[in-house]
Amino acid sequence: MIETSRRGFLQLGATGTAALAIGSGLATLTGCSKKPATAQGYKVLREGDLLFLGALAPAVLVKAYPGPLGLDARERLLKQLDSILNTLQGHARGELLMMFDLMNSAPLRLATGAPWGSWSEASVKDADDFLNSWKHSSLQIKRMGYAGLCKLISISWYTQPENFPTTGYPGPPVKIPTPVSA
Amino acid sequence: MQPKTNRTPPIPMVAGIPDPILEGIAGGWNVEDAADLNDGQILEADVVIIGTGAGGGTTAEILAEAGFKVLMLEEGPLKSTNDFKMDEREAYHDLYQESAGRMSKDGSMSILQGRCVGGTTVINWTSSFHTPEETLGYWAEEFKLKGSSKEEMTPWFERMEKRLNISDWAVPPNENNAVLSRGAEKLGLDWKVIPRNVAGCWNLGYCGTGCPTNAKQSMLVTTIPGALNKDSALVYSARAERLIIEGKKVLGVEVTALNSDYKPTGKTIIVKAPHVVMSCGGINGPALLLRSKAPDPKKRVGKRTFLHPVSFSFAEFDHLIDPYYGAPQSIYSDHYQWKNVTGPAGFKMEAAPLHPGLTSVLLLGHGAAHYDAITKLPNINALLSLVRDGFDPESPGASIELADDGSPIVDYPINDYIWEAFQRSLTTMAEVQFAAGAKKVRPAHVDAPWYENIHEAKDGIKNLEFRSNAFTAGSAHVMGGLSMGEDLEKCVVDSNGKYHYLDNLFVIDGSIFPTSIGANPQLSVYGFACKLANQLAAKMKASA
């Protein structure tokens with residue numbers, strides 16, 4: 001586990017925003033042997049992560065979501081996020097998964113400004129309030145989390161060709177590959 | 001939401017372009033996917049080159065032409081012309097380190113680096129400059145770098161300009177770049193046309209997703225085919241885990257075969273060669289030496305890795321900019337680059353191409369404000385400033401550490417020195433954009449609104465809070481980490497590219513630069529690589 005991050009996240013309790021049972025929270029994070037399984041069809045994301053990221057998407061993307069992708073929007077976004085995460089190396093991957101673990105743990109989530117029972121219960125306004133609290137936080141680790149989440153969700157969304165019209169981008173020229181002559 | 005689907009790209013189809021890599025392989029080139037080799041297989045060569053980017057490709061061709069048996073190793077996959085479909089999604093995944101998501105330790109900088117055969121030259125924006133005279137002078141004086149004065153280096157830059165067809169871009173700049181030339185002209189700031197390494201460029205604007213027409217003279221379509229045509233071997237999806245070192249010699253390289261998901265297949269390959277060249281870049285190179293526990297008595301490996309931290313300024317215009325079409329970079333301004341060599345950091349201004357995915361990241365933010373900005377993409381211009389880091393004690397650069405899995409961590413905290421340069425550059429870019437007729441300007445900082453005029457902008461930028469992760473800071477240039485020079489307190493590579501503490505290890509890539517360059521670095525790498533590789537060839541001939 002990455003020491004700096006864990007210390008950083010433990011600081012959340014020290015700010016006094018909530019009297020946490022840090023002990024039980026620590027047990028969730030340090031028991032690496034009891035990691036939740038990845039979600040069906042995904043390489044990195046777990047069920048809890050899908051709920052978390054799925055709840056943030058409409059707050060990050062507002063009118064762009066679900067957009068032209070309609071009913072496929074959520075899965076396309078989550079699969080693209082998963083694909084990116086699968087290529088991240090030790091440091092970036094560790095930081096993000098640590099944040100996701102935190103978001104999946106109810107007592108720790110409470111201290112981060114996310115008081116709902118589960119992310120599936122969070123409204124779009126709840127998600128937006130949560131993002132804004134991290135955006136303006138005096139804690140570097142929360143600001144890093146805010147920037148990371150916005151960047152990941154945005155790039156996963158706006159690189160989907162179906163979403164080009166939302167931005168006004170007419171798209172690239174068509175490329176026709178050339179068969180090999182030999 | 002206003003879908004604007006009636007407009008089509010200026011060039012509707014790219015077809016009839018041959019793929020030189022696939023053609024070469026069909027014609028019998030010695031190219032292998034490491035995953036297809038046997039576990040424990042031993043490969044031998046006269047020289048092994050780790051990394052196939054600007055340094056590795058250049059070195060491979062020179063040594064192959066000198067008659068040596070060259071083996072190139074590349075961590076990334078092999079992608080070529082037929083694969084380049086101008087699609088951000090595919091490109092970031094296939095050609096970039098960590099899907100373009102590589103970041104510094106505290107997450108404040110996004111680092112764009114290539115990770116494929118041809119390295120960063122496959123995804124860069126073609127800008128090609130000699131190493132500035134001021135930079136060469138600084139290296140000679142501060143790092144005791146020998147043989148690299150302007151007079152000594154110019155012939156090498158000129159050789160590589162010829163090899164890679166580098167010349168001033170003769171086509172009028174696209175609107176995104178014209179904002180810079182028009183605005184600078186109006187303000188009386190110096191500006192010039194950028195030299196580009198292209199031949200027969202279609203002016204499409206997709207250099208960053210892999211050139212679809214073979215116009216960009218990346219290593220992939222020039223030196224690597226050159227080396228392979230002279231019977232060199234290339235093994236890709238092959239990650240060098242560590243150098244096998246005994247005393248003062250590198251005996252070989254331990255290599256892990258990776259699968260298409262970039263994960264180890266479980267197969268290990270050993271490469272043995274009497275000469276070893278590292279061309280891994282300023283992040284992966286130091287990481288490899290750290291993993292290898294290479295001798296480093298002064299603890300200088302992975303110190304002073306520089307990134308040209310980049311600030312961004314967005315501007316909205318009434319007329320169409322179409323910042324995604326046309327040669328991505330064709331105009332630059334060094335007006336504020338060399339006011340002084342040390343002291344407050346100089347910066348180079350250029351334009352940034354804006355495709356939707358990258359734009360959404362650079363805008364940094366969420367919700368209504370982010371949506372409002374990105375839906376105006378056709379009318380948005382972006383300027384960037386490359387901050388010239390490393391020329392002052394206040395700018396020590398990054399240090400490279402290892403994560404638990406052995407991958408590199410780039411510890412580059414943005415300090416007051418860098419932030420001060422950011423504020424200055426954001427102010428200048430806003431001036432240029434308003435002078436060019438912008439309706440509104442917004443620096444890429446989460447607190448910044450769209451400013452309606454230059455007075456608002458100047459005031460606003462002056463009062464922006466310096467808060468890490470609250471503003472966009474990018475890097476597309478990784479320089480240093482294995483400084484070259486004769487001063488052992490600061491340098492680990494000698495003036496001929498040989499690692500000081502090992503007899504047969506050479507470093508020929510961008511990691512040798514003792515400071516940042518102060519210009520887009522590819523031609524600096526090509527020029528130094530050409531010089532050092534020719535010296536190495538002579539040395540190898542002499543000892544044969």
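Residues numbered from 1 in each chain as written. Chains lettered and ligands numbered in written order. Predicted model: local features only at pLDDT ≥ 70, side-chain atom pairs only at ≥ 80, totals over all residues.

- Under an unreviewed UniProt entry, the name given to chain A is Twin-arginine translocation pathway signal, and the source organism is Thalassolituus oleivorans MIL-1.

**Overview of the overall build of chain A**
Then, number 1: Looking only at helices and strands, one finds nine helices and one strand in chain A.
Then, number 2: Helices and strands in chain A line up, N terminus first, as α-α-α-α-α-α-α-α-α-β.
Then, number 3: For chain A, buried positions account for 42% of its 182 residues.
Then, number 4: Contacts in chain A between residues at least 24 apart in sequence constitute 66% of all its contacts with a sequence separation of at least 6. (Helix = DSSP H or I, 4+ residues; strand = E, 2+ residues; numbered from the N terminus. Buried ≥ 20, exposed ≤ 12 C-beta atoms within 10 Å, placed from the backbone. Contact = placed C-beta atoms within 7 Å.)

**Comments concerning the environment of A:Lys79**
All names here are of chain A.
Then, number 1: Looking at where lysine 79 falls in the secondary structure, it is placed in helix H4 (residues 73-85).
Then, number 2: For lysine 79, a count of 15 C-beta atoms within 10 Å gives the class partly exposed.
Then, number 3: For the pair lysine 79 and lysine 43, spaced 36 residues apart in sequence, the C-alpha to C-alpha distance is 9.1 Å.

**Quick notes on helix H2 (residues 54-65) of chain B**
Residue and element names in this part refer to chain B.
Then, number 1: Spanning twelve residues, H2 covers 17 Å between terminal C-alpha atoms, matching the ideal 16 Å at 1.5 Å per step.
Then, number 2: Taking burial as the measure, the twelve residues of H2 include eleven buried ones, the bulk of the element.
Then, number 3: The secondary structure elements touched by the buried residues of H2 are strand S4 (47-50), strand S5 (70-74), helix H7 (223-229), strand S14 (275-278) and helix H13 (522-543).
Then, number 4: Immediately downstream of H2, the backbone of glycine 67 shows phi near 100°, a positive value. (Expected span 1.5 Å × (residues − 1).)

**Looking at the nonpolar core**
Then, number 1: Core analysis: the largest hydrophobic core is formed by 224 residues, its most contacted members being A:Leu56, B:Val48, B:Val70, B:Leu71 and B:Leu73.
Then, number 2: Here this core takes eleven residues from helix H8 (residues 140-158) of chain A, the largest share from any one element.
Then, number 3: Counting residues domain by domain, this core receives three or more from each of domain 1 (25-126 + 129-163 + 198-303 + 479-544) and domain 2 (172-196 + 310-388 + 415-467) of chain B.
Then, number 4: With near-sequence residues (within four places) excluded, B:Val48 lies in contact with B:Leu71, B:Leu73, B:Val253, B:Val271, B:Ala273 and B:Val276. (Core = buried A, V, L, I, M, F, W, Y, C linked by C-beta atoms within 7 Å. Domains from an automatic or database assignment.)

**Structural notes on unusual backbone geometry**
Then, number 1: In this model, A:Tyr65 is joined to A:Pro66 through a cis peptide bond whose omega is 0°.
Then, number 2: For A:Pro66, the location among the structural elements is in the loop between helix H3 (47-61) and H4.
Then, number 3: Despite not being glycine, B:Thr126 shows a phi value in the positive range, around 75°.
Then, number 4: For B:Thr126, the location among the structural elements is in the loop between strand S6 (109-111) and helix H4 (133-143).
Then, number 5: Here B:Asp322, not a glycine, exhibits a phi torsion of approximately 50°, which is positive.
Then, number 6: Mapping B:Asp322 onto the fold places it in the loop between strand S16 (310-316) and strand S17 (331-332).

**Remarks on the sheet that holds S4(B)**
All names here are of chain B.
Then, number 1: Read from one edge of the open sheet, six strands run S2-S10-S5-S4-S14-S25, paired in parallel fashion. The open sheet has two free edges, formed respectively by strand S2 (30-33) and strand S25 (505-507), since each of these has just one partner strand. Within this sheet the neighbouring strands show an average axis-to-axis angle of 20°, counted without direction.
Then, number 2: In the packing of H2 onto the sheet, the strands contacted are S4, S5 and S14, and the crossing angle to S5 comes to about 165°. (Pairing = 2+ DSSP bridges. Axes fitted to C-alpha atoms, helices over the stretch in contact; angles between N-to-C directions.)

**Describing the sheet that holds strand S20 (residues 398-402) of chain B**
Residues and elements named next belong to chain B.
Then, number 1: Pairing is antiparallel in the open sheet, where four strands are placed in the order S21-S20-S15-S24. Unpaired on one side and paired on the other, strand S21 (408-411) and strand S24 (479-481) mark the two borders of the sheet. Strand after strand, the sheet turns through a mean of 40° between neighbouring axes, direction not considered.
Then, number 2: By the bridge criterion, four bridges tie S20 to S21 in an arrangement that is antiparallel.

**Comments concerning the interface of chain A and chain B**
Interface size is commonly expressed as the accessible area that is lost once the parts come together.
Then, number 1: Every contact between the two is made by 48 residues of chain A and, on the other side, 66 residues of chain B.
Then, number 2: Breaking the side of chain A that touches chain B down by element, the ones donating at least two residues are H3, H4, helix H5 (90-104), helix H7 (124-135), H8, helix H9 (164-167) and strand S1 (174-175) of chain A.
Then, number 3: Here the element with the most residues in the side of chain A that touches chain B is H8(A); it accounts for ten residues.
Then, number 4: Among the residues forming the side of chain A that touches chain B, the class breakdown is 24 nonpolar, 17 polar and seven charged.
Then, number 5: Two strands pair when backbone bridges link them, and S1(A) and strand S1 (residues 13-14) of chain B are joined in this way by two bridges, in the parallel orientation. The residue of S1(B) that forms the bridge with A:Val174 is B:Met13. (Nonpolar A, V, L, I, M, F, W, Y, C, P; charged D, E, K, R; others polar.)

**Things to note about the domain arrangement of chain B**
Then, number 1: In terms of domains, chain B is made up of domain 1 (25-126 + 129-163 + 198-303 + 479-544) and domain 2 (172-196 + 310-388 + 415-467).
Then, number 2: One C-alpha centre belongs to domain 1 of chain B, the other to domain 2 of chain B; they are set 31 Å apart.

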